[in-house]
Amino acid sequence: MRNTLRKVILPSIMLILAYGFWVSPDFKEISAGVAIFLFGMLALEEGFRAFTGGVLEKILKKSTDRMWKSLTFGFTAATVMQSSSLVSVITISFLSVGLIGLVEGLGIVFGANVGTTTGAWLIAGFGLKVKISSYAMPMLVFGVMLIFQKSKSMKGVGYILVGLGFLFLGIHHMKEGFEAFQNSLDLTAYAMEGIAGILVFTLIGIIATIIMQSSHATLVLIITALSVQQITYDNALALAIGANVGTTITAVLGALSSNVVGKRLALADVLFKVCAGIVFIVFMGPVMGLVDGISSVIGLADDDYTMKLAVFHTIFNVAGVIIMVPLINPLIGLVTRLFKSEPDIHAQPMYLNEASLEFGDTALEALRKETARIYEKAIGVIAKGLSLDKEDILSDAKLKQVIRVHGKAVEYDIDEVYEHEIKSLCSAILDYTNRLSADEATSRQVSRIRLANQSILITLKDVKHLQKNMLLYIDSENPHISAEYNRLRQRIAKVIRRLENIRSQEVSSTSILSLDALKLTLEKNMGLLHGRLDELIREGHISADMAISLMNDSNYTYSIINSLIQINHNYLKSEEGTETEAEHRIALNREEINSVLSDEREVAERR
Amino acid sequence: MKFDNALKKKLLKRLKSYMNAEAEQLQQEDDGLSKVLKKLKKKEKHLKELIAAERDDDEREMLEQELKVIRSQRKKGITLLSSLRKKGNK
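What counts and how
Residues numbered from 1 in each chain as written. Chains lettered and ligands numbered in written order. Predicted model: local features only at pLDDT ≥ 70, side-chain atom pairs only at ≥ 80, totals over all residues. Helix = DSSP H or I, 4+ residues; strand = E, 2+ residues; numbered from the N terminus. Buried ≥ 20, exposed ≤ 12 C-beta atoms within 10 Å, placed from the backbone. Contact = placed C-beta atoms within 7 Å. Expected span 1.5 Å × (residues − 1). Nonpolar A, V, L, I, M, F, W, Y, C, P; charged D, E, K, R; others polar. Core = buried A, V, L, I, M, F, W, Y, C linked by C-beta atoms within 7 Å. pLDDT = per-residue confidence, 0-100.

### Quick look at the overall build of chain B
Turning to step 1, where the next piece is worked out: Assigned secondary structure in chain B consists of three helices and zero strands.
Turning to step 2, where the next piece is worked out: Reading chain B from its N terminus to its C terminus gives the helix and strand order α-α-α.
Turning to step 3, where the next piece is worked out: For chain B, the proportion of its 90 residues judged to be buried stands at 12%.

What follows is the structure in structure tokens.
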């Protein structure tokens, strides 16, 4: 039912949008702006991903490890870029790829809010507006050039530049689209006194900033309106509050394409600005007194409202940060509750805890259970990576049939699950084993569990490589290449099924030795594929490119199956006993497996 | 001071195992190998029955392969056991 609904919703939305585009060119421009902006976010995240675990991560970690450092970082960035929303958007992409945490991210966003006040001073004092959006086109050009480079970090920088370029371009198109509405905005029409005036102008400030995609642009509008006395000073302050709230729209838009952590940051940003806005509306009277006081101290004339607005803007943002920094933990608690993260729930170790660490046997059991859990997860990922379904692989259905049913290539982001679930669980295991003080025998078992986890990571990386061509060829029009790739899928699925049977056998049933038959099949299939590959090339059934892909991917398949066997070997072997030891000694090594294989070949030839 | 028989036996066994740790180790290995070999023999018999009953060619081929592996494993196990016993007799 849900699937059918999904199938209906997307085309319906597309139809509605298409109608909208036909009816209103402005709507088309705005939508295109949003799309370009979101694409920019994706490119930005792709760029930052290239730097995870590298220099950028170290720099970011070092410059945000204390709250004051995060605040300074945000302040400096926003002062240089002259846009707090852009800093928020970049922070969201940092968060999405795990370069920084939510606390650090919020620190940067808060700092950026103070940094953005320098813009009000520049506008009010010098009428100066730094227009960073004019760099969009060069950024795109240089970015694309860098993307074509071989070096990973060059590519990363390229994606970041392209991402920023698209962000600016997207904002530009949104602005263009909204221009029609902007021209019809006559502030005098809404002039009102008292609290009603403040509320209405706050709302206008929010709307105007959403429309113009820049709180700076709203500030320019306010200052102009104020200088020609289109609006009162109170209303101008309310507009500035609204502009500050409205500017969060960029972060909200950015969070649309981000993961749950990015969404949390965007929500925290909105809450922060809304709270600060409410506080300032409530205390508008005393705040105006404070602004007047500070203005007279720094020597501003009583009627120099434009500079006073800059003072107000600064007080507003600095006070907002002073109010919110002590409340950062409750704020994080709230946004985490509101945006529950599914991957994070799974990524928490279930069995590893401090209590079990005390006792060698219990700790070992906890490690075994946790490893089994990661393995289960990994099998699910492998199945999806091969455009298959885990339940179907483990069912009683014939595998040929299963492969036929799942004949269409389905995109699946292995990296996402790898980064957010498997990798964090494996590191939790590694961390746990490092803290475990164990005797010699336990250490041996622990080291096998560690090896099993290592093999899980290797397997997933190999599946990721294999997935690339598999998506291309499993439903290819060339029946020969599609048959070969489906055969590779079937072989992996067969091994997964067989391993599941072995794992579900009783411990007393020589499980380790059962793996030898799989090793034999692995070697045999490799030989068979080489033979078939020669024939396919000779007969001209597949192109040279296809042949190279197939050769590489059969090696990946070999490695995946081998790792799967190794995982189970080390996992089963981690339960030590005299029989396990004996099984290990009897288990056939690669040469012995090959000798069984050559005996088999001889018998076949004699026939 | 008097010892009852059970306690005497227990103490003697401990003394013997202490004096003869290597032999004990060999005995344990012997036990382990023998048990696994027995299980393999049982498994071989079971597989033969499965092969006889299997109609699907692919499935039968896989079972036959498994049987070959088990035979090699048994062969290896028997060699290991006999060399272990030779070592114990020396």
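### A closer look at the overall build of chain A
Turning to step 1, where the next piece is worked out: When you go through chain A residue by residue, the secondary structure sums to 29 helices and zero strands.
Turning to step 2, where the next piece is worked out: Taking all 607 residues of chain A together, the buried fraction comes to 43%.
Turning to step 3, where the next piece is worked out: For chain A, long-range pairs separated by at least 24 residues make up 78% of all intrachain contacts whose partners lie at least 6 apart in sequence.

### Focus on helix 2 (residues 21-53) of chain B
Turning to step 1, where the next piece is worked out: Look at helix 2 of chain B: 48 Å from first C-alpha to last across 33 residues, which is about the 48 Å you get at 1.5 Å a residue.
Turning to step 2, where the next piece is worked out: Looking at helix 2 of chain B, one finds that the buried residues are Gly-32, Leu-33, Val-36, Leu-37 and Leu-40 of chain B.

### Quick look at the environment of Gln-490 of chain A
Residues and elements named next belong to chain A.
Turning to step 1, where the next piece is worked out: With respect to the secondary-structure elements, Gln-490 resides in helix 25 (residues 479-504).
Turning to step 2, where the next piece is worked out: Classification of Gln-490 by C-beta neighbours within 10 Å gives partly exposed; the count is 17.
Turning to step 3, where the next piece is worked out: In sequence terms Gln-490 and Ile-403 are 87 residues apart; their C-alpha atoms lie 6.7 Å from each other.
Turning to step 4, where the next piece is worked out: Other than its neighbours up to four places away in sequence, Gln-490 contacts Leu-399, Lys-400 and Ile-403.

### Re the environment of Ser-554 of chain A
All names here are of chain A.
Turning to step 1, where the next piece is worked out: Along the chain, the position of Ser-554 falls in helix 27 (residues 544-573).
Turning to step 2, where the next piece is worked out: Spatially, the C-alpha atoms of Ser-554 and Leu-466 are 8.5 Å apart, while their sequence positions differ by 88 residues.
Turning to step 3, where the next piece is worked out: Setting aside residues up to four positions removed in sequence, Ser-554 forms contacts with Leu-488 and Leu-529.

### As for the interface of chain A and chain B
Turning to step 1, where the next piece is worked out: If you look at the interface, chain A gives 18 residues, while chain B gives 19 residues.
Turning to step 2, where the next piece is worked out: Counting only elements with at least two residues in the side of chain A that touches chain B, the list comes to helix 26 (511-538), helix 28 (578-586) and helix 29 (590-606) of chain A.
Turning to step 3, where the next piece is worked out: At seven residues, the largest contribution of residues to the side of chain A that touches chain B is made by helix 28 of chain A.
Turning to step 4, where the next piece is worked out: Within the side of chain A that touches chain B, the residues separate by chemical class into seven nonpolar, four polar and seven charged.

### Some thoughts on the nonpolar core
Turning to step 1, where the next piece is worked out: Grouped together as the largest cluster of nonpolar side chains are 85 residues, with contacts concentrated most on Ile-222, Ala-236, Leu-239, Ala-240, Leu-265 and Leu-309 of chain A.
Turning to step 2, where the next piece is worked out: No other element matches helix 9 (residues 152-183) of chain A, which puts 11 residues into this core.
Turning to step 3, where the next piece is worked out: Ranked by size, the runner-up nonpolar core spans 73 residues in total, among them Leu-352, Ile-422 and Ala-493 of chain A together with Ile-70 of chain B.

### Some thoughts on unusual backbone geometry
Turning to step 1, where the next piece is worked out: Positive phi, close to 60°, is recorded for Ser-387 of chain A, a residue that is not glycine.
Turning to step 2, where the next piece is worked out: Along the chain, Ser-387 of chain A turns up in the loop between helix 20 (360-385) and helix 21 (390-393).

### Overview of the confidence of the model for chain B
Turning to step 1, where the next piece is worked out: Across chain B, the average pLDDT comes to 84, with 93% of residues at 70 or higher.
Turning to step 2, where the next piece is worked out: If you check the scores for this complex, the pTM reads 0.52 and the ipTM reads 0.78.

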